[in-house]
Structure formats: structure tokens, C-alpha cells
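Take a look at the letters that make up each chain.
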Amino acid sequence: MSTSLLLLSDTHLPKRAKDLPAALWADVDAADLVVHAGDWVDLATVETLQARSRSFVGVRGNNDDAPGFEERLSLVEHVDVEELRIALVHETGAATGRERRAAATYPGTDVLVFGHSHIPWDTRVTGPGVGGTTGALRLLNPGSPTDRRRQPDFTWMRCSVDGSALAVELVRLAPGATEPSVSPSIPTADVVVPAAR
């Protein structure tokens, strides 16, 4: 039996939008686990998403400085889903060197979900001692469903975990559209971290 995950980040409600897209709420209702990588902006969104989710894990981001966030959400979370070890954080620093930093910062982790850039990201790191049960670390940023910045579409990710196998889909919602397009997300780069000397 597989476990369905919904990955989202950078919702920025109510500053960037008044609500999440209806298609995203449908994905929240369908997911076994909803994962939010921070920059909520308001606690009402946290409460609504938690109440509507079967299961939920989230962190706070750099824009989550309103009273109550620090007590409700940490900066880093870890969750095991089937055989995968998943870490969740908002910021990972500059894109250059991200994979190497992530491998060093999150040892024993199979998947790192992050946000902040509003840009979808899917890469993989391999090398001696990298990853948990899979021998690799996959970095996933779902983008933003409300603030696309320089991206053509609003985005989030759907995932399916079956044991240690992870399938990822990138969901794109064009401005003004109600029906999203979905495509498999395949790592755009494989970064090999050499053994320590």
C-alpha cells in the first residue's frame, strides 16, 4: 500500500492571495500527509490546513514572525513515511552548492523538502554516506501555489511513497485557470559527493 503526500510552500496568505486554489484544496483532501515548507504569513492558514488534512507536518519560514508561530511550528521537522526519512525546512541557502550542503546538514535523510525561492526544484545527491535507506538524498521544492514570482505557473507537488520508492509529480496551475496540468518530476541533476578524505 502506498502513501500519498502533498508538498506545498510559500502560501503567503492573505498577502499574495485570499485563498489557496480550489485544485490544491482538492489535493489536500486526497493526501494521506500534507507537508508545508513555510512562509504561511498567517496562523489562520496553519489552522485551516491542519484541520482539513488527514495528517500534517509543517515548518515556519522567514516571513512567519507573527506572534504564535514560534510556539506552533519549528524551523526543521523530520518525519518517516514508510521506509523514507524526510526532513523539512524553509531555507537551504543559495542554489549553488545546495546539494552538498544538504547532504552534510541532513545525514541519514532520503528526502529534503524546502521552499523559500518559489521555484520548483528536484535534484538528487549520491555518494558515500549520503541518504538514509535509499543511498541518495532527493531535494524537492514545490514552488508556490499563490506567488509564482518569475515562474509561468503556480505550483505544488504530489508524491507517492511505496516502501523506499518515491514518485513525484509537479502540479502546475496557469494564472486564471481552474484545472492544473500534472507531469512527472524527474531530478534535473544528480550530484555526486565524493568520500571524505
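Heads up: the structure comes first, above all this text.
Along every chain, residues carry numbers that run from 1 in the direction the sequence is written. Since the coordinates come from a predicted model, pLDDT governs what is reported: local features require at least 70, and pairs of side-chain atoms require 80 or more to be given and counted, while whole-chain, interface and lining totals use all residues. Computation of side-chain values covers all heavy atoms of the structure but excludes hydrogens and water.

Turning our eyes to something else, we now look at the overall build of the protein chain. For the protein chain, the helix and strand inventory stands at 4 helices and 12 strands. What the globule rule says is 2.2 Å times the number of residues to the power 0.38, and the radius of gyration is computed from C-alpha atoms. On C-alpha atoms alone, the protein chain measures out to a radius of gyration of 16 Å, which is about the 16 Å that the 2.2 N^0.38 rule sets for 197 residues. C-alpha atoms of the protein chain, sized along the principal axes, occupy 50 × 35 × 35 Å. We call a residue buried when its accessible area falls under 20% of the maximum for its residue type, exposed when it is over 50%, and partly exposed in between, using a 1.4 Å probe and counting protein chains only. In the protein chain, buried positions account for 50% of the 197 residues. By definition, residues are in contact when any of their heavy atoms lie within 4.5 Å. If you take every contact in the protein chain between residues at least 6 apart in sequence, the share linking residues at least 24 apart comes to 60%. Residue-level accessible areas treat just the shown protein chains as cover; the underlying method is Shrake-Rupley with a 1.4 Å probe. Taken as a whole, the protein chain presents about 9200 Å² of accessible surface, with 52% of it coming from carbon and sulfur. Counted charges follow a simple rule, with Lys and Arg positive, Asp and Glu negative, and His plus the chain ends left uncounted. To locate a charge, the coordinates of NZ of Lys, CZ of Arg, CG of Asp or CD of Glu are taken. The protein chain carries 19 positive and 26 negative side-chain charges, and their two centres are separated by 6 Å. Secondary structure counts use DSSP, requiring at least four H or I residues in a row for a helix and at least two E residues in a row for a strand, with both numbered from the N terminus.

The nonpolar side chains of a soluble globular protein tend to be buried with one another. What we call a nonpolar core is a set of buried Ala, Val, Leu, Ile, Met, Phe, Trp, Tyr and Cys residues that are connected through their side-chain atoms within 4.5 Å. Counting 21 residues, the largest nonpolar core has Leu6, Leu8, Val34, Trp40, Leu49 and Trp156 as the members making the most contacts within it. Sorting the residues of this core by element identifies β1 (3–8), α1 (22–30), α2 (43–52), β9 (154–162) and β10 (165–173) as the ones contributing at least two each. No other element matches the 4 residues that α1 contributes to this core. When neighbours within four sequence positions are excluded, Leu49 is seen to be in contact with Leu8, Trp25, Val28, Val34, His36, Trp40 and Phe56. Leu5, Val111, Cys159 and Val168 belong to the second largest nonpolar core, which has 19 residues in total.

What follows concerns unusual backbone geometry. The omega angle of the peptide bond from Leu13 to Pro14 is 0°, so this bond is cis rather than trans. Looking at where Pro14 falls in the secondary structure, it is placed in the loop between β1 and α1. The phi torsion at Asp10 lies on the positive side, around 50°, for a residue other than glycine. Along the chain, Asp10 falls in the loop between β1 and α1. Within the chain, His118 stands out as a residue other than glycine whose phi angle is a positive 70°. Relative to the helices and strands, His118 resides in the loop between β6 (111–113) and β7 (121–126).

Attention shifts here to the pattern of salt bridges. Pairing between side chains becomes possible if they bear opposite charge and their charged atoms approach one another. Salt-bridge detection follows one rule: a side-chain nitrogen of Lys or Arg within 4 Å of a carboxyl oxygen of Asp or Glu. Tallied over the full model, the rule gives 8 salt bridges. A salt bridge links Asp32 to Arg54, with the nearest nitrogen and oxygen atoms 2.9 Å apart. With Asp32 in the loop between α1 and β2 (33–36) and Arg54 in the loop between α2 and β3 (56–58), the pair connects residues that are 22 residues apart, well separated along the chain. The closest approach of N and O atoms between Arg124 and Asp190, which form a salt bridge, is 2.8 Å. With Arg124 in strand β7 and Asp190 in strand β12 (residues 190–192), this residue pair connects regions lying 66 residues apart in the sequence. Because the salt bridges share partners, they merge into one network encompassing Asp27, Arg158 and Glu169.

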